Amino acid sequence: MEKFNKLISSIVPLPLENVDTDQIIPARFLKSTSRDGFGENLFRDWRYTKEGAKNKDFILNKVSSGEILVGGKNFGCGSSREHAAWAINDYGFKVVVSSFFADIFKGNALNNGLLPVQVSDEFLQAIFKANSPLEVDLENQSIKIIETGLQEFFEISAYKKHCLINGLDDIDFLLSNKSEIENFENNRLI
């Protein structure tokens, strides 16, 4: 995984509540166990018409850049598909901000190098209102609206924070501690 410490980026605002994993990546595109290629179908049914033409009113078809997706409350609800995190990450987002995440989505995001930043409802509304770039500082667990200077702190498990900062997935973390594990195994009493 890519190391993550601090990100300053414009946002892609998606002020919709209850965005579920089937809206993030529709089930008909879940034909691979590889993480690659899912970004092209991110929000597929909102990005394109039934005839396959781009929906000119959907935000991803209007905004050309931004590594921070800002969603409404209850982002990532629905089924437990890990592909939702894969699609968001493959599209190019490094951070997803919401005032509430479904637990399974949050875990899947963290396991795949995508940082879910949970903020208060008031801070989320301030982000939408400012539509300004954000600074996300994982080391200090803070998020700041660049334009206004308004800042809030977010929670993250110490383990997942360590993994993201060092670019480790769960297997990489275990391998990085291989000598300590072997030492423990060799020195334990039987």
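Residues numbered from 1 in each chain as written. Predicted model: local features only at pLDDT ≥ 70, side-chain atom pairs only at ≥ 80, totals over all residues. Heavy atoms only, no water.

Caption draft 1: The arrangement of the sheet that holds strand 1 (residues 6-9) in detail. On the basis of which strands lie adjacent, the open sheet formed by four strands has the order 1-6-7-8 and antiparallel pairing. Either end of the sheet is taken by a strand with one partner, and the two such strands are strand 1 and strand 8 (151-153). When strand polarity is set aside, the average angle formed by the axes of neighbouring strands in this sheet is 10°. Those strands touched by helix 5 (residues 121-130) are strand 6 (134-137), strand 7 (142-145) and strand 8, and its axis lies near 35° from that of strand 7. (Pairing = 2+ DSSP bridges. Helix = DSSP H or I, 4+ residues; strand = E, 2+ residues; numbered from the N terminus. Axes fitted to C-alpha atoms, helices over the stretch in contact; angles between N-to-C directions. Contact = heavy atoms within 4.5 Å.)

Caption draft 2: Inspection of the pattern of salt bridges at higher detail. Overall, the coordinates contain seven salt bridges when judged by the stated rule. One salt bridge connects Glu2 with Lys94, and the closest N-O pair in it is separated by 4.0 Å. Here Lys94 lies in the loop between helix 3 (83-91) and strand 4 (95-98) and Glu2 lies in the segment before strand 1, a separation of 92 residues in the sequence. By relative accessible area, which is 55% here, Glu2 ends up exposed. Lys94 is the partner of Glu67 in a salt bridge, and the nearest nitrogen-oxygen pair spans 3.9 Å. Of the two residues, Glu67 is situated in the loop between helix 2 (44-47) and strand 3 (68-71) and Lys94 in the loop between helix 3 and strand 4; the sequence distance between them amounts to 27 residues. (Salt bridge = Lys/Arg side-chain N within 4 Å of Asp/Glu carboxyl O. Buried < 20%, exposed > 50% of the residue type's maximum accessible area, 1.4 Å probe, protein only.)

Caption draft 3: How the structure looks around a nonpolar patch on the surface. A cluster of nonpolar side chains, namely Ile171, Leu174, Leu175 and Ile181, defines an oily patch on the protein surface of about 390 Å² accessible area. Following the sequence through the fold, Leu174 ends up in helix 7 (residues 170-176). Note on Leu174: relative accessible area 47%, which makes it partly exposed. (Patch = residues over 30% accessible without salt bridge, like charges linked within 9 Å, V, L, I, M, F, W, Y side chains within 5 Å. Areas by Shrake-Rupley, 256 points an atom, 1.4 Å probe, with all protein chains shown as cover.)

Caption draft 4: Quick peek at the nonpolar core. Judged by nonpolar contacts, the single largest core of 26 residues is most densely connected at Ile24, Phe43, Phe75, Ile88 and Phe105. Those elements that provide at least two residues to this core are strand 2 (11-14), helix 3 and helix 4 (103-111). For this core, the element with the most residues is helix 3, which contributes five residues. By size, the runner-up hydrophobic cluster in this structure holds 24 residues, among which are Phe4, Ile11, Ala130 and Ile156. (Core = buried A, V, L, I, M, F, W, Y, C linked by side-chain atoms within 4.5 Å.)

Caption draft 5: Seen up close, the packing of aromatic side chains. Within this structure, the stated rule accounts for eight aromatic pairs. Where Phe38 meets Trp86, the ring centres are 5.6 Å apart and the plane angle is 55°; that geometry is what we call tilted. Taken together, the positions of Phe38 in the loop between helix 1 (21-24) and helix 2 and Trp86 in helix 3 put the pair 48 residues apart, joining distant regions of the chain. Of the two residues, Phe38 and Trp86, neither departs from the other in class, the shared state being buried. Look at Phe75 and Phe101: their rings are 6.3 Å apart centre to centre, the planes differ by 80°, and that puts the pair in the edge-to-face class. In this pair, Phe75 sits in the loop between strand 3 and helix 3 while Phe101 sits in the loop between strand 4 and helix 4, placing the two residues 26 residues apart along the sequence. A relative accessible area of 0% means that Phe75 is categorised as buried. A relative accessible area of 1% places Phe101 in the buried class. Pairwise contacts between aromatic rings join Phe43, Trp46 and Phe58 into one cluster. Sitting above the plane of the Tyr48 ring, Arg44 keeps its charged end 4.3 Å from the centroid. (Phe/Tyr/Trp six-rings, centres within 6.5 Å; stacked < 30°, edge-to-face > 60°. Lys NZ or Arg CZ within 6 Å of the ring centre and 35° of its normal.)

Caption draft 6: Layout of the packing of helix 3 against helix 4. Two numbers describe how helix 3 lies on helix 4: the axes approach to 8 Å, and their chain directions differ by 50°. As the angle between them shows, helix 3 and helix 4 are arranged oblique. Here helix 3 runs over helix 4; the crossing is right-handed. On helix 4, the residues touching Ala84, Ala85 and Ile88 of helix 3 are Phe105, Asn108 and Ala109. Among the residues forming the contact of helix 3 with helix 4, the class breakdown is five nonpolar, one polar and no charged. (Parallel < 35°, antiparallel > 145°, perpendicular 65-115°, else oblique. Left-handed = near helix turned anticlockwise from the far one by under 90°. Nonpolar A, V, L, I, M, F, W, Y, C, P; charged D, E, K, R; others polar.)

Caption draft 7: Examining the environment of Ser98 more closely. You can see Ser98 is positioned in strand 4. Measuring from C-alpha to C-alpha, the distance between Ser98 and Gln118 comes to 5.3 Å, with 20 residues separating the pair along the chain. Residue contacts for Ser98: discarding those within four places in its chain leaves Gly71, Gly72, Lys73, Asn74, Phe75, Val117, Gln118, Val119 and Leu124. Side-chain polar atoms of Ser98 contact the backbone oxygen of Phe100, separated by 3.0 Å. (Polar contact = N/O pair within 3.5 Å; in protein donor to acceptor, adjacent residues only side chain to side chain.)

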